[in-house]
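Residues per chain are reported as follows:
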Amino acid sequence: WSLLWSLSALLRVVGEEEQARLLRRLHHNAMARDKASKLEANNFVHRQKAIDDMKMDSRMVKEEMRASHADRVMRWTHKLSTNPLAVDLWAEDQMKYEMNRAMDKAAKQRKYINMKQTHQAHCAILDRASSEPDELELLRAEKRRLVQNTKRLKAMRDVEKSNARMAQVFQSKQATELERQQKQLVRAFSSPGL
């Protein structure tokens, strides 16, 4: 509306020839604008079609790449399925570590049970040994008594021997004294002076 108002205001001011020129110019500008808008609309349609085609191509390329990648992964997975390095080394190591820990724990538990049983057996032996008379100690005491009796008997034998010797010496002394006295008596009786 503002364009029409300004056009009517302009036509009132200028002359007839000028008006014809202005009308031609306006008509030409309107035709150019119409052509430009048609071209722009046409270009917009082509541009949108090109954008849609590019998006479609991009989607198709991405889809092809994804399918190709999936195909490659599947092929290589199949090819490497027998590879010994395909296993999860961390999981395998973790499993071995856990098994070793379990075996260590079981070994410690067995060792503790064995030690406990050994201690109980030792205590039972000591209890039984302390409750029963010690045969070895009885044998030792008997041996000491035998040794003491043997020493006493030996000492008594030695005393008897020495007493026997003393008695023999005493007897020999008495016999010698008796002989001497008899000799004296015999001398005394045989002597005329008495």
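1. A short note on a positive patch on the surface
And then number 1: Taken together, the side chains of Lys154, Arg157, Lys161 and Arg165 make up a positively charged region of the molecular surface.
And then number 2: Looking at where Lys161 falls in the secondary structure, it is placed in helix α4 (residues 135-190).

2. A closer look at the pattern of salt bridges
Once the charged atoms of two side chains with opposite charge are near each other, the side chains can pair.
And then number 1: Counted under the stated rule, the structure contains 8 salt bridges.
And then number 2: Across the salt bridge formed by Arg66 and Glu63, the nearest N and O atoms sit 2.3 Å from each other. You can see Arg66 and its partner Glu63 sitting in helix α2 (residues 16-79), 3 residues apart, about one turn around the helix.
And then number 3: For Glu92, the salt bridge identified is with Lys96, shortest N-O distance 3.6 Å. Linking Glu92 with Lys96, this pair stays in helix α3 (residues 89-131), spanning 4 residues, or about one helical turn.

3. Observations concerning the confidence of the model for the chain
And then number 1: Predicted confidence across the chain gives a mean pLDDT of 85, with 88% of residues reaching 70 or more.
And then number 2: Looking over the chain, one finds the lowest element-wise mean pLDDT in helix α1 (residues 2-13), namely 59, and the highest in α3, namely 91.

What counts, and at which threshold
- Residues numbered from 1 in each chain as written.
- Predicted model: local features only at pLDDT ≥ 70, side-chain atom pairs only at ≥ 80, totals over all residues.
- Heavy atoms only, no water.
- Patch = residues over 30% accessible without salt bridge, like charges linked within 9 Å, V, L, I, M, F, W, Y side chains within 5 Å.
- Areas by Shrake-Rupley, 256 points an atom, 1.4 Å probe, with all protein chains shown as cover.
- Salt bridge = Lys/Arg side-chain N within 4 Å of Asp/Glu carboxyl O.
- Lys, Arg positive; Asp, Glu negative; His and termini not counted.
- Charge placed at Lys NZ, Arg CZ, Asp CG, Glu CD.
- Helix = DSSP H or I, 4+ residues; strand = E, 2+ residues; numbered from the N terminus.
- pLDDT = per-residue confidence, 0-100.

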